[in-house]
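One letter stands for each residue in the lines below.
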Amino acid sequence: MFRWTNLVFTSVLIAGVVAFFFLFFDPILKYALVKGGQKAFKAKVEVGRVATEIFKGKITITELAVANKKEPMTNLFEFERAEFQLLPAPLLEKKVVVESSSIEGLRWGRARKTSGELKTIFKQDKPSAAEQKIAEVTEKSKEFSLGRAEAVKGAGQAKVAPVKPENLSSLKVLGDGEKKLQSVDGQWKEKAASLQNDPRIEEVKKDIEGLKAGGGSSPQEIAAKIKKAKEIEKKIKGLQGEVKETKQSAQNDFGAVGSLLKEAKEAKKKDLAAFGQLAGLPSFDAESIAFFILGPKVKEQTQKALHWHELAKEHLPAKAEEPPKKLTSSGRGVFISFPKDVSYPALTWKKGLLSGAAGTEPNLLNFSGEIKDVTSQPSLWPRPMAAEIKGAQKGQTLNLQAALDHRKEPGRDVLELVYKGYPLKDVQLGQSEELGVRLEEGTAAFDLSVVRTADVWKGTADIEMSPVKLQAKSQVSGMMAGKIAQAVAAIKRFHVQVVFSSGEDDFDFHFKSDIGRTLADALKGMFKAELDKQKKEIEDKVNKLYQEKAAALEKSLAAKQSSVLSSLAGKEGTLDNLLKEALAKSKVSPAEGQPPASLKDLKNIFKK
């Protein structure tokens with residue numbers, strides 16, 4: 001019997017479900033997207049609109065922007081429009097499979113109108129090991145000071161007053177050596193004297209004399225004589241061993257004093273460097289200048305790249321997942337799995353088209369590419385994740401290749417980025433109060449390579465700047481300012497290389513550049529006469545104070561060591577003579593006749 005009430009109820013239920021999807025599902029999905037994104041990136045996530053066509057498996061997202069937690073007034077990335085085509089069937093298994101997609105208007109690093117910081121939700125992150133290392137490396141730039149160099153130019157006379165004995169670390173080390181030598185010498189003189197009067201040596205001498213009185217030619221008397229000689233030999237060799245060990249210990253102790261002399265030589269080098277700075281001698285080496293000019297900018301750009309690195313470490317799988325275990329029988333029954341045409345991971349993004357723009361206005365470079373085989377369970381998917389982006393426009397070219405393979409241990413990720421023709425304009429380098437340089441215009445070529453194997457990341461970035469137009473921006477006046485401006489303007493190209501490696505809990509980072517060479521050579525030529533004069537005066541005074549004390553210590557060490565070791569060597573000679581005498585007196589004389597045949601083998605006892 002047909003019931004109209006059942007039809008009405010079913011119709012109302014279907015209408016309610018349809019109404020829910022049309023009226024509430026899109027806002028709920030948008031809310032989930034914002035909250036999930038903010039939890040992942042720890043910064044504001046803004047979405048213009050989310051539209052779904054649930055029965056077609058289509059989702060459209062417009063005007064998405066993710067803020068950079070490290071720089072809240074810029075976006076980490078953003079896009080204008082994204083469309084995702086989902087397979088409906090896997091949704092019934094709580095699996096998301098994106099069959100195809102397109103993302104348009106992709107950009108990164110753009111300025112925001114409002115801050116993207118989420119203070120009330122996430123605590124401020126502590127500096128990571130990588131950030132601490134970068135700060136440590138770029139601190140080197142503070143070692144360079146043109147203000148110090150200007151003081152040198154006007155000084156005329158070297159400031160050697162601070163070079164006093166009490167201020168030299170090398171003399172303090174030599175003082176420690178003197179104290180050590182006194183202690184060692186007293187200790188070993190006492191030991192040598194005790195060995196000189198060792199009563200055991202007198203006992204050995206008496207025993208050797210006793211061999212003379214032990215004559216006789218009977219087998220028993222000869223055997224007794226040989227046995228006695230063997231005992232004497234054992235005593236002498238025991239004493240020889242003790243003297244040898246004592247001599248070696250003495251050499252080690254005197255050698256420790258010699259090590260302090262070597263340490264004092266190294267300390268003298270540090271004294272020269274330290275007092276050179278006190279006297280106003282600046283560091284004109286190319287590395288220091290390069291750190292000063294490029295350090296802050298390299299630090300700034302590296303920290304931006306580091307944010308992507310930290311996101312990758314956080315979200316990329318550390319290890320390849322094991323395939324799910326097959327169901328087995330239990331006590332209550334047997335699990336039976338029905339075969340499927342395709343078994344998808346929990347999340348799979350088969351293919352996505354990308355398009356957007358890189359660089360800065362008005363010199364934007366349009367690019368396009370694709371990303372494919374992205375999955376939350378790589379071990380269940382037959383291909384590695386991959387991405388390719390290319391662009392070419394007005395002298396600029398971009399080529400990015402990435403492959404992420406975590407299907408089995410150890411996982412391996414490779415990223416290659418080559419960007420040529422990147423335009424730069426009005427970039428401030430260095431510090432204006434010391435050595436400021438403005439890059440008025442230039443063209444950069446980037447070559448970035450990053451490889452990750454298991455938990456170890458290694459990367460190298462080469463940046464070639466050519467051609468460039470540089471202008472000095474320094475508050476230093478006079479002839480010095482003219483020399484700096486001339487040296488800076490002469491630079492038409494320079495190269496920068498950044499290298500990093502990162503493990504699970506450590507980070508190593510350094511960079512180098514050839515930009516400091518031209519400036520270093522110019523500044524060295526300008527101050528050469530003054531620097532050489534002051535350096536010579538400081539070195540002469542440090543060397544004079546050092547040589548006087550070092551020579552005295554070396555002479556005293558040689559004399560005291562020779563005295564102690566000569567005494568021990570004399571003791572070795574005495575024991576050698578006693579051993580020879582014992583061996584000679586243990587032989588059978590012709591008057592005593594030949595020993596019986598049974599004792600013939602005894603004659604080889606003392607042969608060495």
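Conventions adopted
Residues numbered from 1 in each chain as written. Predicted model: local features only at pLDDT ≥ 70, side-chain atom pairs only at ≥ 80, totals over all residues. Heavy atoms only, no water. Helix = DSSP H or I, 4+ residues; strand = E, 2+ residues; numbered from the N terminus. Buried < 20%, exposed > 50% of the residue type's maximum accessible area, 1.4 Å probe, protein only. Contact = heavy atoms within 4.5 Å. Areas by Shrake-Rupley, 256 points an atom, 1.4 Å probe, with all protein chains shown as cover. Core = buried A, V, L, I, M, F, W, Y, C linked by side-chain atoms within 4.5 Å. Phe/Tyr/Trp six-rings, centres within 6.5 Å; stacked < 30°, edge-to-face > 60°. Salt bridge = Lys/Arg side-chain N within 4 Å of Asp/Glu carboxyl O.

Student: Any chance you could break down the overall build of the protein chain for me, citing the residues and the numbers?
Tutor: When you go through the protein chain residue by residue, the secondary structure sums to 10 helices and 13 strands. A total of 608 residues make up the protein chain; the buried ones form 36% of that total. A separation threshold of at least 6 residues defines the contact pool for the protein chain, and within that pool the share at least 24 residues apart is 68%. Total accessible area computed for the protein chain in this model is approximately 35500 Å², and 56% of it derives from carbon and sulfur atoms.

Student: Tell me about the nonpolar core, and name the residues and values.
Tutor: Counting residues in each nonpolar core, the largest one holds 69 residues, and the members touching the most others are I293, L294, L470 and F494. The element best represented in this core is helix α8 (residues 286-315), accounting for eight residues.

Student: Requested: an account of the environment of D521, with residues and values cited.
Tutor: Here D521 is to be found in helix α10 (residues 515-585). As a C-alpha pair, D521 and A487 span 34 residues in sequence and 8.9 Å in three-dimensional space.

Student: An account of the packing of aromatic side chains is needed here, citing residue identities and associated values.
Tutor: Any aromatic ring pair is given by two values, namely how distant the centres are and how the planes are angled relative to each other. Under the defined criterion, the tally for this structure stands at seven aromatic pairs. With 6.5 Å between their ring centres and 65° between their planes, Y419 and F446 make a pair best called edge-to-face. On the criterion of sequence distance, the pair formed by Y419 in strand β9 (residues 412-431) and F446 in strand β10 (residues 435-453) is long-range, its members being 27 residues apart. According to the relative accessible area criterion, Y419 is buried, its value standing at 7%. Of the residues examined, F446 reaches a relative accessible area of 29% and is grouped as partly exposed. Here the aromatic cluster, defined as three or more aromatic residues joined through ring pairs, consists of Y419, Y422 and F446.

Student: Could you give an account of the pattern of salt bridges, with specific residues and numbers?
Tutor: Pairing between side chains becomes possible if they bear opposite charge and their charged atoms approach one another. Scanning the entire structure with this criterion turns up 18 salt bridges. Here E464 and R493 are joined by a salt bridge, their closest N and O atoms 2.9 Å apart. Of the two residues, E464 sits in strand β11 (residues 456-473) while R493 sits in the loop between α9 (479-489) and β12 (494-502), which places them 29 residues apart along the sequence. Its salt-bridge partner being K536, residue D540 comes within 2.7 Å of it at the nearest N-O pair. Of the two residues, D540 and K536 both sit in helix α10, four residues apart, roughly one turn of that helix.

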